[in-house]
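This is what each chain is made of:
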Amino acid sequence: PHLCGATLPGDDHTERARKFPMSVSRRSHFATDIDPSLPMVALTFDDGPGGYTNDILDTLEAYHARATFFVIGRNINDETALVMQRAASMGCEIGNHTYDHSDLTKDTPEQFQTAVQQADDRIYAAIGHYPRWLRPPYGAFDDNVQRHVGKGLAYWSVDTKDWKTRDTAATVTAVLQTVEDGDVILMHDIYPETAAAALQIVPSLVQQGYQLVTLSELTDTRGLDVENGMVVFSMHPDNPRYKPAPCLE
């Protein structure tokens, strides 16, 4: 069991850092409008950029909120690059969801490093910097992936299952009935039902007093030094990595 909300393999990251260069520091510059004393959550959206990403950005922009978008490399083209640029200009974060949504645990390190690097290169071409995070497709990872993937692994603590239900009300309920401070919420920006759900979720969370931040803003504000191979599920206040206490194995 992952008692700390994050796991980290004990290997040397030098070679992977060389293979996966980053144009930003490991600790990102989180927004100055975040109040560390107030509750916050990270909305995350997978599988784009797609036809409904702009709709979700419209909602976020209207409420001065931010989110993290885990994009698939093969979905990036001249048109969707503009959507990514808009997201980045709003303070949203772009993450890596591999080039072709492949199951990393079924590939060799060389194969999944290539899939990650191809997506990295397309993201860099679109927004001018490499992504800090990888969200493993299907949530699939193992020790091999952790040791060789070369990024922090973004998991989640609230799974809306929007991909399965394709139901706006169900997605809204999945968030609003379970949300708590420090959650990482999983959705997908390729479904119209999810875009409609975001139109309800975002203002409701804001009204409840939640700050809607990127994943990096969440981890950085709460003092987590994310290293390659670390798996982050949440930053709940009772997470030992959030409080200055030893991490129990």
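Everything below is about the structure printed above this text.
Residues numbered from 1 in each chain as written. Predicted model: local features only at pLDDT ≥ 70, side-chain atom pairs only at ≥ 80, totals over all residues. Heavy atoms only, no water.

> It is not clear to me how the packing of aromatic side chains should be interpreted in this structure. Could you clarify?
In this description, a pair of aromatic rings is defined by centroid distance and the angle of the planes. The full count for this structure, using the stated rule, is 5 aromatic pairs. Ring pairs connect the aromatic residues Phe141, Tyr155, Trp156 and Phe233, which therefore count as one cluster. (Phe/Tyr/Trp six-rings, centres within 6.5 Å; stacked < 30°, edge-to-face > 60°.)

> Even after reading the chapter, I still don't get the packing of helix H2 (residues 53–62) against helix H3 (residues 78–89), so can you show me in this structure?
The geometry of a pair of packed helices is captured by two quantities: the angle between their axes and the separation between those axes. Contact pair H2 / H3: the axes reach a minimum separation of 10 Å and the direction vectors enclose 15°. Taken together, H2 and H3 sit at an angle that is classed as roughly parallel. Once H2 is placed against H3, the crossing between them reads as left-handed. Contacts between H2 and H3 involve Thr53, Asn54, Leu57, Asp58 and Glu61 on the former and, on the latter, Val83, Arg86 and Ala87. For the contact of H2 with H3, a count of residues per class yields 3 nonpolar, 2 polar and 3 charged. (Axes fitted to C-alpha atoms, helices over the stretch in contact; angles between N-to-C directions. Helix = DSSP H or I, 4+ residues; strand = E, 2+ residues; numbered from the N terminus. Parallel < 35°, antiparallel > 145°, perpendicular 65-115°, else oblique. Left-handed = near helix turned anticlockwise from the far one by under 90°. Contact = heavy atoms within 4.5 Å. Nonpolar A, V, L, I, M, F, W, Y, C, P; charged D, E, K, R; others polar.)

> I'm lost on the environment of Gly95 in this one. Help?
Secondary-structure assignment places Gly95 in strand S4 (residues 93–96). Gly95 gets classed as buried once you look at its relative accessible area, which sits at 1%. C-alpha separation for the pair Gly95 and Phe70, spaced 25 residues apart in sequence, amounts to 4.3 Å. Those residues in contact with Gly95 that sit more than four places away from it in its chain are Phe69, Phe70, Val71, Ile123, Pro131 and Trp133. (Buried < 20%, exposed > 50% of the residue type's maximum accessible area, 1.4 Å probe, protein only.)

> Looking at this structure, I do not really get the pairing of strand S3 (residues 68–71). What am I missing?
It is a general feature of regular strands that their side chains alternate between the two faces of the sheet. Of the two faces of S3, both are covered, the one formed by Thr68 and Phe70 as well as the one formed by Phe69 and Val71. Summarising the sheet, strand S2 (residues 40–48) and S3 pair through 4 bridges and their orientation is parallel. Paired with Phe45 across the strands is Phe69, a residue of S3. In the classification by handedness, the crossover that spans S2, the intervening H2 and the parallel S3 is right-handed. Note that S3 and S4 share 4 bridges and pair parallel. Its bridge partner lying in S4, Phe70 is registered against Gly95. Each parallel crossover has a hand, and for S3 linked through H3 to S4 it is right-handed. (Pairing = 2+ DSSP bridges. Right-handed = clockwise from strand over helix to strand, strands pointing away.)

> Could you clarify how one ought to interpret the packing of H3 against helix H4 (residues 109–127) in this entry?
Between H3 and H4, whose axes approach to 9 Å, the crossing angle comes to 70°. Taken as axis vectors, H3 and H4 run roughly perpendicular relative to one another. Of the two possible hands of crossing, H3 and H4 adopt the one that is right-handed. Residues Ala81, Met84, Gln85 and Ala88 of H3 form the contact with H4, whose participating residues are Ile123, Ala126 and Ile127. Looking at the contact of H3 with H4, its residues break down into 6 nonpolar, 1 polar and no charged.

Everything listed is a geometric property; what it means functionally is a separate question.
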